[in-house]
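# Structural features, examined
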Amino acid sequence: MKILVLNCGSSSVKYKLFRFPHPRLIEKGLIEKIGEKDSSVRTHHEAIERVFSDIKEAGFIKSFKEIEIIGHRVVHGGEKFKDPVVINRGVIKEIRKNIKLAPLHNPANLEGIIACGKILPSARQVAVFDTAFHQTIPPFAYIYALPLELYKKYKIRRYGFHGTSHHYVAHEAAKLLGKPLRKLNLITIHLGNGCSISAIKKGKCIDTSMGFTPLEGLVMGTRCGNIDTAIVFYLHRQLGMSIESIDILLNKKSGLLGVSGLSNDFRKVKSAADKGNKEARLALDVFVYALKKYIGSYIMVLGKVDAVIFTAGIGENSRWVVREATKGIKSMLKDSPKVLVIPTNEELMIAALAYKVVKTKGTP
Ligand code: ADP
């Protein structure tokens, strides 16, 4: 059977088509600039029609009906979704409810789901949530030390993101180590444009660095990660910045870009640092130091660590980051952990989870 995986962003749709049950990638592609002025694709509906026609024209399918399952990456599942689900009206309602928690992502994810429902009603649609893998985090790790009312009434808590990637590399690590995941303690580190780290105990996630939003935690391409929250008041009161401009500053102008003043792209910052650029060097040092602190604290949280796993653009390619961030780790622990680099494949994980949930649960 064929499974289509869709990642619908605010102005783009990424897709991969797989053959199952013995997973094989058949085709992948990207429709960009949805809704932009000079673009021929005005809506997500049109973008998805384009995906289907591209796949058909390329000869990968003869009829749309060959696609039996469509797996969607959905960013925010709130507290409701701990696992992937076959999409029905109730699921759509819940995803809509979570728009206030992920205003940039969930609306586009929903548009993709609704469009597929209209274009290919015969396919089962499955939602795989970025937050789901982190739903095993215990309350003492997901509750912020704010008045508890804010959690009870408004669900302000740590959710964590990149869950599918952390889950996938944990799974692959278990295969490499030749042990069941449920018997492993792992630290998984996703270093792409966004960066996050998770502590996994006996196969279950027990903490992660991203929080209520993806802004918390590690230093990233353009996000600042952890800072003293009072800086926000200072920027507002003393520098007269609006909340909107502070939001842009922390999310889009900070991190590697903010400190180096050069770029959010790790390769550019690294090559400038290697040529002697001091700000670029400082940006890398700040990046790696934040990472080392998190690895150290997760070692404490886990006690025993079987492996530390690096993934995504930076994690898979920069030996320098892997080496710097794990320096001294072997002497810290009695049974020193393996340091592994494992390429992530969120789309394959989404396809595999979608296949499994349809096979076990069937029609909603
Ligand atoms: P996204 O989160 O958008 O999927 P990626 O996983 O592609 O991002 O990671 C993007 C980051 O990976 C960028 O900072 C880029 O510079 C970095 N990167 C890509 N290739 C390399 C490489 N060969 N060496 C070091 N960093 C790399």
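Here is a short report on the structure shown in this document. Since we're looking at a predicted model, the values are computed, not measured.

## A few points about the packing of helix α11 (residues 278-302) against helix α13 (residues 319-326)
Direction vectors running N to C along α11 and α13 enclose 50°, while the axes themselves pass 9 Å from each other. Our classification of the angle between α11 and α13 gives oblique. For the element pair α11 and α13, the recorded crossing hand is right-handed. Contacts from R281, L284, F287, V288, L291, K292 and I295 of α11 reach α13 at W320, V321, E324 and A325. Looking at the contact of α11 with α13 residue by residue, the class counts come to eight nonpolar, no polar and three charged.

## Description of the site of the ligand
In the vicinity of the ligand, the residues found are G192, N193, N264, D265, F266, R267, A312, G313, I314 and N317. One nitrogen or oxygen atom from the main chain of R267 is found 3.2 Å from an oxygen atom belonging to the ligand. Between the ligand and the protein, one listed contact pairs an oxygen atom with a backbone N or O atom of I314 at 3.3 Å. Surface burial for the ligand is 66%, taken as the share of its 580 Å² of free accessible area covered by protein chains. Secondary-structure elements contributing two or more residues to the shell around the ligand are α10 (266-274) and α12 (312-317). The leading source of residues in the shell around the ligand is α12, at four residues. Of the residues in the shell around the ligand, the class split is three nonpolar, five polar and two charged.

## With respect to the pairing of strand β8 (residues 195-201)
By the criterion of burial, β8 is predominantly enclosed, with six of the seven residues buried. Inspection of the sheet shows strand β7 (residues 186-191) paired to β8 by six bridges, in the antiparallel sense. Residue pairing in the sheet places L191 in a bridge with C195 of β8. Hairpin geometry of β7 and β8 is characterised by an intervening segment of three residues between the two adjacent antiparallel strands. Relative to strand β9 (residues 204-208), β8 runs antiparallel, the two sharing four bridges. Of the residues in β9, the one forming a bridge with I200 is C205.

Cut-offs and rules
- Residues numbered from 1 in each chain as written.
- Predicted model: local features only at pLDDT ≥ 70, side-chain atom pairs only at ≥ 80, totals over all residues.
- Heavy atoms only, no water.
- Axes fitted to C-alpha atoms, helices over the stretch in contact; angles between N-to-C directions.
- Helix = DSSP H or I, 4+ residues; strand = E, 2+ residues; numbered from the N terminus.
- Parallel < 35°, antiparallel > 145°, perpendicular 65-115°, else oblique.
- Left-handed = near helix turned anticlockwise from the far one by under 90°.
- Contact = heavy atoms within 4.5 Å.
- Nonpolar A, V, L, I, M, F, W, Y, C, P; charged D, E, K, R; others polar.
- Near = heavy atom within 4 Å.
- Polar contact = N/O pair within 3.5 Å; in protein donor to acceptor, adjacent residues only side chain to side chain.
- Areas by Shrake-Rupley, 256 points an atom, 1.4 Å probe, with all protein chains shown as cover.
- Buried < 20%, exposed > 50% of the residue type's maximum accessible area, 1.4 Å probe, protein only.
- Pairing = 2+ DSSP bridges.

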